[in-house]
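# Tertiary structure, described
The residues making up each chain are set out below.
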Amino acid sequence: MKALSLRLSIGVLLALIGLFLGLFATARPLNDPTMRRFNDATDRQDAPFPMIQIQPVASGFASPVTVTNAGDGSGRLFIVEQFGRIRIFVNSTVLPTPFLDIHELVTCCSEQGLLGLAFHPDYANNGFFYVYYTDLAGSITIARYTVSAGDPNVADPDSHYPILSQLHQPYTNHNGGQIVFGPDGYLYAGLGDGGAGGDPQENAQNLQIWLGKILRVDINGDDFPGDPARNYAVPPDNPFIGNPNALDEIWAYGVRNPWRFSFDRETGDLLIGEVGQNDWEEIDFQPVASAGGQNYGWDVLEAMHCYEDDPPGSCDQFLNGGSTLPVLEYSHSLGCSVTGGYRYRGQLYPQLNGIYFYGDYCSGRIWGAIRQENGTWISQELLQTSLSITTFGEDEAGELYLADQPGGTVYRVLSNGPTPTPTSTVTPTTTPTATVTTTPTPIPTTTPTASPTGTITPTPTSTATVTATATSTPTPTPSVSPTTTPSPTATATASGSPTSTPRPTPIARPAITPRPRPTPVPRPTL
């Protein structure tokens, strides 16, 4: 009996040892990145991101699409209205007289209109600013204006001076719209791929056309004195200078519709919101040390996923070093049209410092992203709103704003949460596939609503919802196509009185047709 009991005890002991060794063999250190599935909703209880709120500061705008500042020490915000007007917000007041009204020169709306505004780095002395709009012929136009001599709050409407123009035919969507001066003093402009769906003319990968590109020009010079429509110089270090198969103005390519990009005012890095086609939205990153020439992959890739494997093998090539892959992406289960934002560099909320804010026009979600020391990014949903976010913006101090298009309201981003501390996360590996997505997502339309005037008290979430991806080698692709009814699950609400300002038709995201080549989509009437 004792022998049997001893053998039984030894057997149990050996079984326990075997179980322990089995567990040990599969165990990982607590700091192993594979222990933290980034898009696992249950694994963000220790989220490093602070809580944010948004507060309305000005309303009554007609389809606001840009919020920016002049950098002249005046403390003014300039709000661009899509149909062709620029308004000034200063000292808690929207000035009754527009800064500039060029609606008679502008084709609006859908994705056309007055879309961009940038002030010359020396605006305080020369009074020059630049606008990006679609003209009456449907062409993309960048022009310079000058502030009036007698009133700093009113521009001279007769000071129109063309910089460049791009014929935008035969489609009316994907007009791009962003212009911004980089830390190098040059003007960067994001042009869409020419429109329709799926880039039917293959413009984004064609280096002999401006469409589907980010351009970089020097507006302080003129390399084309005999051409009154081209009043700029080409920076001598642009990446395709001397290449007979590429245009000198191109800085980056392979974008579908870059809807809002910005330079980090502290580091000089460039972050691009790139609107996707059927399934994926993306954020692209270009470090300040870049010499340009990036290919961001469209229309071979849609974010990190194969869209058109033409010629065969292109997807594998682009996913494995042949293009610059996005650093962040999210699927259309979370939205349908990304709005790129800014890295926070203000003074009021040090806990937000270094966080890149971006949102989605269709769902109203707002995310924050942090770049880690190893170069990878982590991102988390910070707020759900009922807004149609067309743009983010900065004031002179670096405080952050955003605009709701149908509501005609500009909001300020506030915070009172903990200081963010980046944590390790898995860098996803790409899974190349030559299968092209052909199922378009339904595109709702936005309905203009009354401008809210109440204070918003949003409830932030702690769920990570965006997939972070690693940076790759050169390739850019811009495109914008906002449109949609805001998410019904939004937690930020506001109430207020409507204004009497007429609302133009909101920017509409074009309907997508499956491959083979899509046909032009008719636009809603105004």
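What counts and how
- Residues numbered from 1 in each chain as written.
- Predicted model: local features only at pLDDT ≥ 70, side-chain atom pairs only at ≥ 80, totals over all residues.
- Heavy atoms only, no water.
- 1 Å grid on protein atoms, 1.4 Å probe; cavity = no way out; pocket = protein on both sides within 12 Å on 5 of 7 lines; lining within 4 Å.
- Points joined across faces, edges and corners; volume = space filled by probe spheres on them.
- Nonpolar A, V, L, I, M, F, W, Y, C, P; charged D, E, K, R; others polar.
- Buried < 20%, exposed > 50% of the residue type's maximum accessible area, 1.4 Å probe, protein only.
- Helix = DSSP H or I, 4+ residues; strand = E, 2+ residues; numbered from the N terminus.
- Pairing = 2+ DSSP bridges.
- Salt bridge = Lys/Arg side-chain N within 4 Å of Asp/Glu carboxyl O.
- Axes fitted to C-alpha atoms, helices over the stretch in contact; angles between N-to-C directions.
- pLDDT = per-residue confidence, 0-100.
- Contact = heavy atoms within 4.5 Å.
- Disulfide = S-S within 2.5 Å.

With that settled, the discussion passes to empty space enclosed by the protein. With the rule as written, the count across this model stands at three cavities of 30 Å³ or more. The space that makes up the largest cavity amounts to roughly 40 Å³. Lining the largest cavity are 11 residues, and of these E274, E282, W298, E302 and A303 sit closest to its centre. Of the residues belonging to the lining of the largest cavity, the class tally is five nonpolar, two polar and four charged.

The next thing to look at is the pairing of strand β16 (residues 270-274). Across the five residues of β16, five count as buried, placing the element largely inside the fold. Side-chain alternation along β16 places L270, I272 and E274 on one buried face and L271 and G273 on a second face that is also buried. Both strand β15 (residues 258-263) and β16 contribute to a ladder of four bridges, which runs antiparallel. Following the sheet pairing, F261 is matched in β16 by I272. Joining the antiparallel neighbours β15 and β16 is a turn of six residues, in which G268 adopts a positive phi near 85 degrees. Examined bridge by bridge, β16 and strand β17 (residues 280-286) share five bridges and lie antiparallel to one another. Counterpart to I272 in the pairing with β17 is D284. Taking the residues that link successive antiparallel strands as the turn, the β16-β17 hairpin has five residues.

Taken as a whole and judged by the stated rule, the model has 12 salt bridges. Ionic pairing is found between R85 and E81, a salt bridge with its closest N-O pair at 2.6 Å. Between E266 and R345 there is a salt bridge, and its shortest N-O distance comes to 3.4 Å. On the criterion of sequence distance, the pair formed by E266 in the loop between β15 and β16 and R345 in the loop between β21 (338-343) and β22 (356-360) is long-range, its members being 79 residues apart. With a relative accessible area of 56%, E266 lands in the exposed category.

Turning next to the sheet that holds strand β12 (residues 187-190). Reading across the sheet, the four strands line up as β11-β12-β13-β14 and stay open at both edges, with antiparallel pairing between neighbours. Each edge of the open sheet is held by one strand with a lone partner, namely β11 (178-181) and β14 (250-253). Going across the sheet, the axis of each strand differs from the next one's by a mean of 15 degrees, ignoring polarity. In terms of strand pairing, strand β13 (residues 213-217) meets β14 through three bridges, oriented antiparallel. In the strand pairing of β14, K213 is matched with Y253.

Attention shifts here to the confidence of the model for the protein. When pLDDT is averaged along the protein, the result is 79, and 70% of the positions lie at 70 or above. In this model, residues 470-526 is a region of pLDDT below 50 whose contacts with residues beyond four sequence positions or in other chains number 234 contacts.

By the definition in use, this model includes three disulfides. The disulfide that involves C306 links it to C315, with 1.9 Å between the sulfurs. Disulfide C306-C315: torsion about the S-S bond near 60 degrees, hence right-handed. Like C306, the residue C315 is buried in the burial classification.

Right, let's get into the environment of S92. Inspection of the secondary structure assignment puts S92 in the loop between β4 (85-90) and β5 (93-94). Along the sequence, S92 and V57 sit 35 residues apart, while their C-alpha atoms lie 7.3 Å from each other.

For the rest of this paragraph, the subject is the layout of surface pockets. By volume, the largest pocket is sized at about 750 Å³. In this structure, the largest pocket is lined by 32 residues; those nearest its centre are T68, N69, V180, F181 and E394. The set of elements that each furnish at least two residues to the lining of the largest pocket consists of β2 (64-68), β7 (114-119), β11, β15, β21 and β25 (389-394). Of the residues that constitute the lining of the largest pocket, the class distribution is 14 nonpolar, 13 polar and five charged.

In this section: unusual backbone geometry. For the bond from W298 to D299, the omega torsion is 10 degrees, close enough to zero to count as cis. As for its placement among the helices and strands, D299 is situated in the loop between β17 and β18 (301-302). Here the phi dihedral of S110 falls at roughly 55 degrees; this positive angle occurs in a residue that is not glycine. Phi angles above zero are rare outside glycine, and E202 is one such case at about 55 degrees.

Here we come to the pairing of β2. Among the five residues of β2, five are classified as buried, and the element is accordingly described as predominantly covered. As paired strands, β2 and strand β3 (residues 77-81) are joined by four bridges and run antiparallel to one another. Within β3, the residue paired with T66 across the bridge is V80.

Strand pairing within a sheet occurs via backbone hydrogen bonds; the two strands may be parallel or antiparallel. Spatially, four strands are ordered β1-β27-β26-β25 in an open sheet, and the strand pairing comes out antiparallel. Looking along the sheet, the strands with just one partner apiece sit at the ends: β1 (52-58) and β25. Between one strand axis and the next, the sheet turns through 30 degrees on average, direction left out of account. For β1 and strand β27 (residues 409-415), the ladder comprises six bridges, and the chain directions are antiparallel. The residue of β27 that forms the bridge with Q53 is L414.

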